[in-house]
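The chain contents come next:
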Amino acid sequence: MKYKSQKVAYWFFASAILLLSLQIIYGFIMGFAHMGYDGLHSITPFNTARAVHTNLLVVWLLLGFMGAAYYIIPEEAQQELVNVKLAYVQLISFLVVGVIAIVGYHLNYWEGRKFLEIPRPLDWLVVVNVLLFLGLILATLYKGKKKTTTALVLAMGLLFAALLYLPGMIWFDNQTLDSFFRWWVVHLWVEGVWELIMGGILAFLLIKLTGVDREVIEKWLYVIIGLTFLSGILGTGHHYYYIGVGKIWLIVGGIFSMLEPLAFLAMALFAVGMYRKGEKKHPNKLALYWTLGTAIISFVGAGLLGMAHTLPQVNLYTHGTLVTAMHGHLAFWGAYGMIVFSFITFALPNLTGRKLYDTVNGQLAYWLSNIGMAGMTLAFGVAGVAQVYLERKLGLEFGAVQKEIEVHFFVLILMATMFSTGITLFIIEFFRFGKPNDEAIGFEENLKKA
Ligand code: HEM
Ligand code: HEM
Ligand SMILES: [Fe+2]
């Protein structure tokens, strides 16, 4: 790291991986419930576990993005963060809101809107928090010596993500309207502006890790943004097929969402291309693996597995089944989970001044978590396809079908155990690095000279 204030990123990353652990526990609760072992039902029924699982996911990913921004923006802008104390206040208040929300879900204080379960009064606290975060990031960028494309793309992604939270806060008495605008948040986040955040972080990592010229890397960013907006905005239509809006969305949603994988393909080609072109001298090879892995697995999980059920003719049968869970897991993990892990792997040595890269634990964490998640995806996929045939084609009753497919969740639990072992090793490595310290300033530059 180059600036003292970048250290704040460490605490965002530590909070992120702790919340990920909690998310995984709720995943197991649901996995066992699917197998027929729903012993915790009276304390954490499936719907509560599901809301907690997906909300923790969003919260830890946002913490990861915020941490990355607190690290990247000062370095790119060549300017200390304008106010470090407020950054800590922002972290703590964000965690407090998160905890209130999750405790609330257990007490039935929630809204039944998938991913947006947070009750509206709490939304206002989120708004204040995010304004503080954006204020710090944008003021630092504004005051800084340089405004690089990478920093601007990242900041734009964060700003748009905040703005797109607002349509989800409007109250509608009409179910269709509520659903229509819920997708402005959920879809336009993961298939729109979060891709800018991902692109910005990816570009920063590739500049650092491959040594390829900034100009070359940043040119790709424009291509990625172009493809994202071209396909992703109207691609929202793939959620409007059968929710009670006009038929036009069948065609618009079908065509544009089929184009969405192109943006992820561009990211994969970009990362692999820069890797091959680069001089590969950076000693933190593990960070490079994570970065390449992100670009490739996000193409598979989001691009290919998204495409698998995005046409209206297919979605008619697969909507809301475990086929969706199959895609949801590999997409969220491959794109956003992995970009956060890539960044943490890159930043830890620089924040702490310790050269703990390329350890056996670190390598195992990489392979076990990724192979485990691929296996989980497969288990969800098999269960999902069986569900679609039995429930939607043969017309069997929902509960009866869930009983038939219980067996597939044995494989899910097995693979989830492998995934969790990888995550545990990652967390052990994380804490082995120790705390960030000022002696680490200039660590990266010295590495290059050595
Ligand atoms: C990183 C990017 C992506 C992530 C994180 C992601 C994640 C998800 C999640 C969690 C859902 C379930 C949402 C809900 O029901 O509330 C979903 C639904 C869906 N996704 Fe994605 N997705 C991504 C990209 C894509 C892409 C590129 C496509 C198309 C090519 C796609 C196609 C779909 C479709 C068609 C559904 C609706 C499934 C249904 O009807 O139940 N996704 N996605
Ligand atoms: C070991 C770990 C995990 C287990 C056992 C697990 C299990 C589950 C289960 C059983 C569901 C509910 C499916 C249903 O509605 O029937 C679910 C939902 C979900 N999980 Fe996980 N999960 C794990 C980790 C993760 C991770 C690491 C991520 C993201 C990076 C993730 C993202 C999601 C998403 C997005 C959904 C909602 C899917 C949908 O909309 O259909 N999970 N998980
Ligand atoms: Fe979507």
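Computed from a predicted model, the values in this text were never measured in an experiment.

Asker: Can you help me understand unusual backbone geometry in this one?
Answerer: Excluding glycine, residues mostly have negative phi values, and the peptide bonds linking residues are mostly trans. For Asn 108, which is not glycine, the phi dihedral falls at a positive 70 degrees. Within the secondary structure, Asn 108 is located in the loop between helix 3 (84-106) and helix 4 (120-143). In this structure Asn 108 comes out as exposed when scored by C-beta crowding, with 9 C-beta atoms within 10 Å. Of note, Lys 280 is a non-glycine position whose phi angle comes to about 55 degrees, a positive value. By the secondary structure assignment, Lys 280 is in the loop between helix 9 (261-277) and helix 10 (285-307).

Asker: Help me understand the environment of Asn 437 in this model?
Answerer: By the element assignment, Asn 437 lies in the loop between helix 15 (408-432) and helix 16 (443-449). Placed 433 residues apart in sequence, Asn 437 and Lys 4 show a C-alpha to C-alpha distance of 8.3 Å. What Asn 437 contacts, discounting residues up to four positions off in sequence, is Thr 352 and Gly 353.

Asker: What exactly am I supposed to notice about the site of ligand 2 here?
Answerer: In the vicinity of ligand 2 there are 21 residues, among which Gly 27, Met 30, Ala 325, Gly 328 and Ala 416 approach most closely. The greatest single-element share of the shell around ligand 2, amounting to eight residues, is contributed by helix 12 (residues 322-352). Looking at the shell around ligand 2, its residues break down into 10 nonpolar, 10 polar and one charged.

Asker: Explanation requested: the packing of helix 7 (residues 214-235) against helix 9 in the structure shown.
Answerer: When two helices pack together, their arrangement is given by the angle between the helix axes and the distance between those axes. Relative orientation of the contacting elements helix 7 and helix 9 amounts to 165 degrees, with a least axis distance of 8 Å. Taken together, the axes of helix 7 and helix 9 are roughly antiparallel relative to one another. Two packed elements cross with a definite hand, and for helix 7 against helix 9 that hand is left-handed. Of the residues in helix 9, those touching helix 7 at Ile 217, Trp 220, Val 223, Ile 224, Leu 227, Thr 228 and Ser 231 are Leu 262, Ala 263, Ala 266, Met 267, Phe 270 and Met 274. A breakdown of the residues in the contact of helix 7 with helix 9 according to their chemical character gives 11 nonpolar, two polar and no charged.

Asker: Mind showing me how you'd approach helix 4 here?
Answerer: Note that an α-helix has 3.6 residues per turn; residues three or four places apart therefore point the same way. An ideal rise of 1.5 Å per residue puts 34 Å on 24 residues; helix 4 measures up with 34 Å between its terminal C-alpha atoms. When we look at burial in helix 4, the residues that qualify are Val 126, Asn 129, Val 130, Phe 133, Leu 136, Ile 137, Thr 140 and Leu 141. The secondary structure elements touched by the buried residues of helix 4 are helix 2 (46-77), helix 3 and helix 5 (149-163).

Asker: Hey, could you run me through the site of ligand 1 in this one?
Answerer: Taken together, 26 residues lie around ligand 1, and Ala 302, Gly 306, Gly 328, Ala 331 and Ala 335 are the ones closest in. Of all the secondary-structure elements, those providing two or more residues to the shell around ligand 1 are helix 6 (175-210), helix 10 and helix 12. When residues of the shell around ligand 1 are assigned to their parent elements, the largest contribution, six residues, is made by helix 12. In terms of residue class, the shell around ligand 1 is made up of nine nonpolar, 14 polar and three charged.

Procedures and definitions
Residues numbered from 1 in each chain as written. Chains lettered and ligands numbered in written order. Predicted model: local features only at pLDDT ≥ 70, side-chain atom pairs only at ≥ 80, totals over all residues. Helix = DSSP H or I, 4+ residues; strand = E, 2+ residues; numbered from the N terminus. Buried ≥ 20, exposed ≤ 12 C-beta atoms within 10 Å, placed from the backbone. Contact = placed C-beta atoms within 7 Å. Near = placed C-beta within 6 Å. Nonpolar A, V, L, I, M, F, W, Y, C, P; charged D, E, K, R; others polar. Axes fitted to C-alpha atoms, helices over the stretch in contact; angles between N-to-C directions. Parallel < 35°, antiparallel > 145°, perpendicular 65-115°, else oblique. Left-handed = near helix turned anticlockwise from the far one by under 90°. Expected span 1.5 Å × (residues − 1).

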